[in-house]
Amino acid sequence: MSEIADNSHMHVPDRWNLIWKLKVPPKIKSFLWRVCRGCFPTRARLSSRGVSCPLDCVQCNNNYEDSIHILVECPKAVQMWRDVNLWDTIDRVLRQDYNIHALIFTLLQQLSSGQCELMATIMWSLWKSRNMKFWQQQNEQNSQVLQRATHLLEEWIAAQAFRSCSSAQPTISQARPTRPEEDNWKKPAPGRYKCNIDASFSTSLNRVGLGMCLRDDVGVFVLAKMEWFAPLCDIDVGEAVGLHTALDWISNQQFDNVYFALDCKRVVDCVNSSIDDSSEFGCIISACKQLLVDRFQKSHVEFNRRQANRVAHELAQEALSNPSPHTIDDVPTYIWHILAGEMQ
Ligand SMILES: [Zn+2]
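Residues numbered from 1 in each chain as written. Predicted model: local features only at pLDDT ≥ 70, side-chain atom pairs only at ≥ 80, totals over all residues.

## Side note on the nonpolar core
Argument step 1. Counting residues in each nonpolar core, the largest one holds 42 residues, and the members touching the most others are Cys195, Ile197, Met212, Leu243, Ala246, Phe260 and Leu315.
Argument step 2. Looking at this core, the elements that each hand over two or more residues are strand E1 (193-202), strand E2 (207-215), strand E3 (221-229), helix H12 (235-252), strand E4 (258-262), helix H13 (265-271), helix H14 (280-295) and helix H15 (310-320).
Argument step 3. It is H12 that provides the largest number of residues to this core, a total of 7 residues.
Argument step 4. In this structure Ile197 touches Met212, Gly242, Leu243, Ala246, Phe260, Ala261, Leu262 and Ala312, once residues within four positions along its chain are discounted.
Argument step 5. Ranked by size, the runner-up nonpolar core spans 35 residues in total, among them Phe31, Phe105, Leu126 and Trp156. (Core = buried A, V, L, I, M, F, W, Y, C linked by C-beta atoms within 7 Å. Buried ≥ 20, exposed ≤ 12 C-beta atoms within 10 Å, placed from the backbone. Helix = DSSP H or I, 4+ residues; strand = E, 2+ residues; numbered from the N terminus. Contact = placed C-beta atoms within 7 Å.)

## Some points on the sheet that holds E4
Argument step 1. Spatial ordering of the open sheet is given by E5-E4-E1-E2-E3-E6, a layout of 6 strands whose pairing is mixed. Pairing within the sheet leaves two strands with one partner each, and these edge strands are strand E5 (300-303) and strand E6 (326-328). Here the strands of the sheet are splayed against their neighbours by 20° on average, with no regard to which way each runs.
Argument step 2. Sheet topology note: the E2/E3 ladder contains 8 bridges and is antiparallel. Bridging across to E3, Leu214 finds its partner in Leu223.
Argument step 3. Packed onto the sheet, H12 meets E1, E2, E3, E4 and E5 and runs at close to 140° relative to E1. (Pairing = 2+ DSSP bridges. Axes fitted to C-alpha atoms, helices over the stretch in contact; angles between N-to-C directions.)

## Comments concerning unusual backbone geometry
Argument step 1. Omega for the bond connecting Ala230 with Pro231 falls within 30 degrees of zero, at 0°, which places this linkage in the cis form.
Argument step 2. Tracing the backbone through its elements, the reader meets Pro231 in the loop between E3 and H12.
Argument step 3. Even without a glycine there, the phi angle at Asn85 is positive, about 60°.
Argument step 4. Assignment of secondary structure puts Asn85 in the loop between helix H6 (75-83) and helix H7 (87-96).
Argument step 5. For Asn85, a count of 9 C-beta atoms within 10 Å translates into the label exposed.
Argument step 6. Positive phi values are uncommon outside glycine, yet Gln137 reaches one of about 55°.
Argument step 7. Looking at where Gln137 falls in the secondary structure, it is placed in the loop between helix H9 (113-136) and helix H10 (142-167).

## What about the pairing of E4?
Argument step 1. Among the 5 residues in E4, 5 count as buried, and that is most of the element.
Argument step 2. Both faces of E4 are covered, namely the face carrying Val258, Phe260 and Leu262 and the face carrying Tyr259 and Ala261.
Argument step 3. With 5 bridges connecting them, E1 and E4 associate as parallel partners. From the neighbouring strand, Tyr193 faces E4, where its bridge partner is Val258.

## Some thoughts on the pairing of E1
Argument step 1. When you tally the buried positions in E1, you get 8 out of 10 residues, the bulk of the element.
Argument step 2. The sheet contact formed by E1 and E2 spans 9 bridges and is antiparallel. Its bridge partner lying in E2, Asp198 is registered against Gly211.
Argument step 3. Hairpin geometry of E1 and E2 is characterised by an intervening segment of 4 residues between the two adjacent antiparallel strands and by a positive phi of about 55° at Asn206.

## Some thoughts on the packing of H7 against helix H8 (residues 100-110)
Argument step 1. Relative orientation of the contacting elements H7 and H8 amounts to 130°, with a least axis distance of 10 Å. With respect to H8, the axis of H7 lies oblique. Remark: the crossing between H7 and H8 carries right-handed chirality. Across from Thr89, Ile90, Val93 and Leu94 in H7, the residues of H8 making contact are Leu103, Thr106, Leu107 and Gln110.
Argument step 2. Its residues assigned to classes, the contact of H7 with H8 shows 5 nonpolar, 3 polar and no charged. (Parallel < 35°, antiparallel > 145°, perpendicular 65-115°, else oblique. Left-handed = near helix turned anticlockwise from the far one by under 90°. Nonpolar A, V, L, I, M, F, W, Y, C, P; charged D, E, K, R; others polar.)

## Some words on the environment of Cys213
Argument step 1. With respect to the helices and strands, Cys213 occurs in strand E2.
Argument step 2. Since 30 C-beta atoms lie within 10 Å of it, Cys213 is described here as buried.
Argument step 3. Separated by 96 residues in sequence, Cys213 and Asn309 place their C-alpha atoms 9.6 Å apart.
Argument step 4. Discounting residues that sit within four places of it in the chain, Cys213 has contacts with Cys195, Asn196, Ala224, Val311, Ala312 and Leu315.

## Some details on H6
Argument step 1. All buried positions along H6 are accounted for by Lys76, Ala77, Met80 and Trp81. All buried residues of H6 project into a common sector of 135° when viewed along the axis, lining one side. Facing away from the buried side of H6, by more than 90 degrees, are the exposed residues Pro75 and Gln79. (Arc of directions from axis to C-beta.)

## A few points about the packing of H12 against H14
Argument step 1. The geometry of H12 relative to H14 is characterised by a closest axis approach of 9 Å and an angle of 20° between their N-to-C directions. In terms of axis orientation, H12 runs roughly parallel to H14. Crossing geometry of H12 relative to H14 is assigned as left-handed. Across the interface between the two elements, Asp236, Val237, Ala240, Val241, Leu243, His244, Leu247, Asp248 and Ser251 from H12 touch Glu280, Phe281, Ile284, Ile285, Ala287, Cys288, Leu291, Leu292 and Arg295 from H14.
Argument step 2. When grouped by side-chain class, the residues that make up the contact of H12 with H14 number 12 nonpolar, 2 polar and 4 charged.

Okay, structure coming up:
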């Protein structure tokens, strides 16, 4: 019940910065943010939202699967926290305030930055392990859970170092021969993200599929989302709905500094124009402009050619055959080859 009871932490100024300023991959920040926001799909949470499911823990088949159990108190989690010498601190904090948000925020204030990064990434890895058991009946050892967390952190730190190294030597990149770049996916400027968006239209299914993919400034996959709606609509309207969905989704993840990229020139031109019109298309564009003003400070919408928007295109196609909207935090296999090609 702790997941829905206490919201007081949400009103403390600057608290959220403890999460969003962590030096960890963005998907770990968004994971921790979802846990603290109480929008994290444990069985207890699903049940409180009216989903009929068992309430016992996927990992230990015992107890009540809420965030505090699966991430902290499940025997597997306790052993993990003992292995990394954090259990005594966690146990002490829990005795003062038995609440997952309070625990996370207190730890983020008390632990060293290295410990905070490890704690956040281990929580993510524990949840990943739970999902592997649930979906693939795979039982992982704690050493595997820890290894996934430390590898992810190490890879991310190496990518950051590579980025600061390449941005510190602009003459080298400027000296490279120019390529027909407008046809290739282009990285956003250092410290920025790019969100490619596309819509796909199926007359046989009478649906519009939406796909969107957020990548960082070295091209590393951060998050993706797919969904569809029906019935079929005009192409410009579908593309505008795609942009609106992406703006809402990305702002809910509390990202800014994002280049939103579409291959629909009319949507991009209208969003960037000061002219309003009252058509259905015009109203969606106005709503997009409003989201940009209200929720973003350093983001913009730009046109990218279709060849540079292939990942979003694949996701939009895939969305058509998916039963329900979902967010993906691991690279799906069907876009892996495109991402790999575009990172070179
Ligand atoms: Zn358990």
